[in-house]
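Breakdown of the fold
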Amino acid sequence: MPDQDYERLLRWRPRSLQSRQLLAASIGLVAFLALAGFALDRAFVDVAGQGLRERLKQYAFTYAGDIEWARDGSLIAPDVPPDGRFNRPGSGLYADIELPNGYWASDSARGPQLPRGEILSGREEIFDGPLPIVKSDGSPGEVYRYGIGLVDATRSADAEFPYTIYIMEDAGTLPRQVRVFRQALWGYLGIAGAVLLLLQAVILRWSLLPLRRVIDELKRVQRGQATRMGERHPRELQPLTDSINAFVESERENLDRQRNTLADLAHSLKTPLAVLRARLDSGAEGGELREELDTQLLRMNDLVGYQLARAASGGHALFAAPVAIEPHAEQIVRGLEKIYSSKGVVCEFEIEPEVRFHGEPGDLQELLGNLLENAFKWARSRVLLTVRPGAAAPNRRPGLSISVEDDGPGIAPDRIAHVLQRGVRGDERVQGHGIGLAIVQDMVRSYRGELSVGASAELGGARFEVILPPGL
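Residues numbered from 1 in each chain as written. Predicted model: local features only at pLDDT ≥ 70, side-chain atom pairs only at ≥ 80, totals over all residues. Heavy atoms only, no water.

1. Topic: the overall build of the protein
Worth spelling out the cut-off: Labels follow the DSSP assignment, with helices taken as runs of H or I lasting at least four residues and strands as runs of E lasting at least two, numbered in each case from the N terminus. Type-normalised accessible area, obtained with a 1.4 Å probe on protein chains alone, sets the label of each residue: buried when under 20%, exposed when over 50%, and partly exposed for intermediate values. We call two residues in contact whenever any of their non-hydrogen atoms come within 4.5 Å of each other. Areas reported as accessible are Shrake-Rupley estimates using a 1.4 Å probe. Residue values count occlusion only from the protein chains shown.
When helices and strands are tallied, the protein shows 11 helices and 14 strands. For the protein, with 472 residues in total, the buried portion stands at 37%. In the protein, the proportion of contacts linking residues at least 24 apart, taken out of those at least 6 apart, comes to 64%. Total accessible area computed for the protein in this model is approximately 27,200 Å², and 56% of it derives from carbon and sulfur atoms.

2. A short note on the packing of helix α3 (residues 173-207) against helix α4 (residues 209-223)
Condition: Under this scheme, a helix contributes an axis fitted over its contacting stretch, all axes are lines through C-alpha atoms, and angles between N-to-C directions fall in the 0 to 180 degree range. Roughly parallel refers to an angle under 35 degrees, roughly antiparallel to one over 145, roughly perpendicular to one between 65 and 115, and oblique to any angle outside these ranges.
Direction vectors running N to C along α3 and α4 enclose 40°, while the axes themselves pass 4 Å from each other. Relative to α4, α3 is oriented oblique. Here R205, W206 and S207 of α3 come into contact with α4, specifically with L209, P210 and R212.

3. Re the side chain of S401
The condition that has to hold: We call two N or O atoms a polar contact when they sit within 3.5 Å, provided that within protein one can donate a hydrogen and the other can accept it, with sequence-adjacent residues counted only if both atoms are side-chain atoms.
By secondary structure assignment, the location of S401 is in strand β12 (residues 400-406). Reaching out from S401, the side chain makes a polar contact with the side chain of E465 at a distance of 3.2 Å. S401 has contacts with T386, V387, R388, G390, E465 and V466, leaving out every residue within four places of it along the chain.

4. Quick look at helix α8 (residues 361-378)
Formally: The span one expects for a helix is its residue count, reduced by one, times 1.5 Å.
When the terminal C-alpha atoms of α8 are compared, their 26 Å separation across 18 residues agrees well with the 26 Å that a helix rising 1.5 Å per residue should span. By the burial criterion, the buried members of α8 are D363, L364, L367, L368, G369, N370, L371, L372, N374, A375 and F376.

5. Focus on the sheet that holds strand β3 (residues 93-99)
Rules: Should DSSP find at least two bridges between two strands, the strands are taken to pair.
Reading across from one edge, β4-β3-β7-β6-β5 is the order of the 5 strands in this open sheet, with antiparallel pairing throughout. The strands lining the two open edges of the sheet, one partner per strand, are β4 (102-105) and β5 (125-134). Strand-to-strand twist across the sheet, computed as the mean angle between neighbouring axes with direction ignored, equals 25°.

6. So, the pattern of salt bridges
Counted only if it meets this: Any Lys or Arg side-chain nitrogen found within 4 Å of a carboxyl oxygen on Asp or Glu counts as a salt bridge.
In this structure the tally under the stated criterion is 14 salt bridges. Of the charged contacts in the structure, one is a salt bridge between R53 and E125, with a shortest N-O distance of 3.5 Å. Linking R53 in helix α2 (residues 17-66) with E125 in strand β5, this pair joins segments that are 72 residues apart in sequence. Across the salt bridge formed by R463 and E465, the nearest N and O atoms sit 3.0 Å from each other.

7. Focus: helix α11 (residues 437-446)
Because an α-helix completes one turn every 3.6 residues, residues spaced three or four positions apart along the sequence face the same direction. When you tally the buried positions in α11, you get 9 out of 10 residues, the bulk of the element. Within the sequence span of α11, burial applies to L437, A438, I439, V440, Q441, D442, M443, V444 and S446. Once α11 ends, the next one or two residues include R448, with phi positive near 60°.

8. Here we look at the packing of aromatic side chains
This is how the line gets drawn: What counts as a ring pair is set by centres within 6.5 Å for rings of Phe, Tyr and Trp (its six-membered ring), and what kind of pair is set by the plane angle: stacked under 30 degrees, edge-to-face over 60, tilted for all other angles.
Considering all chains together, one arrives at 7 aromatic pairs under this definition. Arranged with centres 6.2 Å apart and planes meeting at 10°, the rings of F127 and Y144 form a pair that is stacked. Taken together, the residues F127 in strand β5 and Y144 in strand β6 (residues 140-152) connect sequence positions 17 residues apart. For Y144, a relative accessible area of 15% translates into the label buried. Connected via pairs of aromatic rings, a cluster forms that spans Y59, Y63, F86 and W104.

9. What to know about the packing of helix α7 (residues 326-339) against α8
Stated precisely, the cut-off is as follows: Should the near helix be turned counterclockwise from the far one by less than a right angle, the crossing is left-handed, whereas a clockwise turn marks it as right-handed. Here the term charged refers only to Asp, Glu, Lys and Arg, the term nonpolar to Ala, Val, Leu, Ile, Met, Phe, Trp, Tyr, Cys and Pro, and the term polar to all other amino acids, Gly among them.
Where α7 contacts α8, the two axes come as close as 10 Å, and the packing angle between them is 40°. As the angle between them shows, α7 and α8 are arranged oblique. The way α7 lies across α8 gives a crossing that is right-handed. Along its contact with α7, which presents H328, A329, Q331, I332, V333, L336 and E337, the element α8 presents P361, L364, Q365, L368, G369, L372, E373 and F376. Residue classes in the contact of α7 with α8 are distributed as 9 nonpolar, 4 polar and 2 charged.

10. Some points on the confidence of the model for the protein
Low-pLDDT portions of the prediction should not be read for the details of their coordinates. As a reminder of what qualifies: Known as pLDDT, the predictor's confidence for each residue is given on a scale from 0 to 100.
Per-residue confidence for the protein averages 78 on the pLDDT scale, and 83% of its residues sit at or above 70. In this model, residues 422-435 is a region of pLDDT below 50 whose contacts with residues beyond four sequence positions or in other chains number 37 contacts.

11. Re the side chain of R145
Considering the arrangement of structural elements, one finds R145 in strand β6. Owing to a relative accessible area of 9%, R145 belongs among the buried residues under this scheme. With near-sequence residues (within four places) excluded, R145 lies in contact with P115, R116, G117, I126, F127, D128, L131, Y166, I167 and M168.

12. Things to note about the sheet that holds strand β13 (residues 450-455)
Strand order in the open sheet made by the 5 strands is β9-β11-β12-β14-β13, with mixed pairing throughout. In the strand order of this sheet, the two ends are held by β9 (346-351) and β13, each with one partner. The average undirected angle you get between the axes of adjacent strands in this sheet is 15°. Pairing of β12 with strand β14 (residues 462-468) involves 6 bridges; the strand directions are antiparallel. Opposite V404, over in β14, you have F464 as the bridge partner.

13. Describing the environment of D83
With respect to the helices and strands, the residue D83 is situated in the loop between β2 (75-76) and β3. Once the C-alpha coordinates of D83 and Y59 are considered, the two residues, 24 residues apart in sequence, prove to be 8.0 Å apart. Dropping the residues within four chain positions of it, D83 is found in contact with Y59 and L93. For D83, the side chain forms a polar contact with the main-chain nitrogen of R85, separated by 2.9 Å.

14. A look at the nonpolar core
Going by this rule: Residues belong to a common nonpolar core when they are buried Ala, Val, Leu, Ile, Met, Phe, Trp, Tyr or Cys residues joined through side-chain atoms within 4.5 Å.
Judged by nonpolar contacts, the single largest core of 40 residues is most densely connected at L368, L372, V383 and L385. Where this core is concerned, the elements lending two or more residues are α7, β9, α8, β11 (382-389), β12, α11, β13 and β14. Per-element accounting of this core gives the leading share, 7 residues, to α8. With near-sequence residues (within four places) excluded, L372 lies in contact with I332, V333, L336, C347, V383, L385 and V404. Among the nonpolar cores identified, the runner-up in size contains 25 residues, and L56, L75, F161 and Y163 belong to it.

Written out as structure tokens, the structure reads:
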């Protein structure tokens, strides 16, 4: 296909989903009606032909039962034929009886030139046509013919007397019946097709109404007239609307997180900058000023690193591929074992092989890294990492449960709230049981999960548990 024709076809192709469905359904409906009409037409033609044959056969058997034979062997026709048309010349219904020594024809056969037939053997039947004839007025015509061969054994004891009865009817009768039937058939099919197309358009419009409502709600969200999609939608559209809501909420959270991070960073840098300005204004000596400068630059570097880590770990991809957990956990534990080699801490895994983390690999490393580092720092000799599937929901990816336990001193119940408190300044939040707890807490919140802190029933120390809900 040339490129111009292909581009023209693409421009012609309807962009409306309703138009596409209506066009496809209309083509299917027209094709079905055409095939149904053709099948009904052929069936009627076959039935009409069979009916004509049976009618002519009935006339022939009536003649066979009513004819008599004279003593001289001549045929005596019945006084009352099976149909009155046999007595009217040129009526279109003809009878012809072929005899060994001649033939007999009905009064209707006077005038037209009809085809003569042969004498058939006993009980032999034929049905043929249309056969050409010449009508009484000299015009050409056609007839259908039925013939049956009979034998009269009563005329002579020594020999049988064969004869054949032919019944012919003008061929115009069957075409007229077929023509009338076709006019009625295609007329009714056309009316039925128009009604079905109209009904189909109404049904399509009704069936696509929920989709139009989704489009209207999405436009309202785009214009800022609504904050999220509605909750009541058909099951087929529910995953789509849930994904859109999750995407909108994720983008809104990302924007808020970026604003909060910039505000926190600006607020955190005020104090070091103010200290440096004060030292400069006080005329401090070079060595003292250099020492203060190194201290404040290190502090600002830590603040910037922490806030950037919060910004990077706070969001997650809605449709991230599943990530295996055990390889990342083993990599983190190998590094921590080197750092805390003097303590001889042993980390045990209870990770079910089929569980997966649905998010960014960096988020998983940050989450496991902070929790395991805190556990290694406070543990005496043992750390336990447990990963199990979380809650499940229909048509959603399963949730996830991650817990890290140690055999350290644990956390007093009255300090759990203090450990989990959410501060404003980044350096004020780095406190409690671990230095990365603020990052973990923000990350878990971005995944709409929960972080709980308590006592370990198995090891006796602290237990941090992260529960992520089923995702989209």
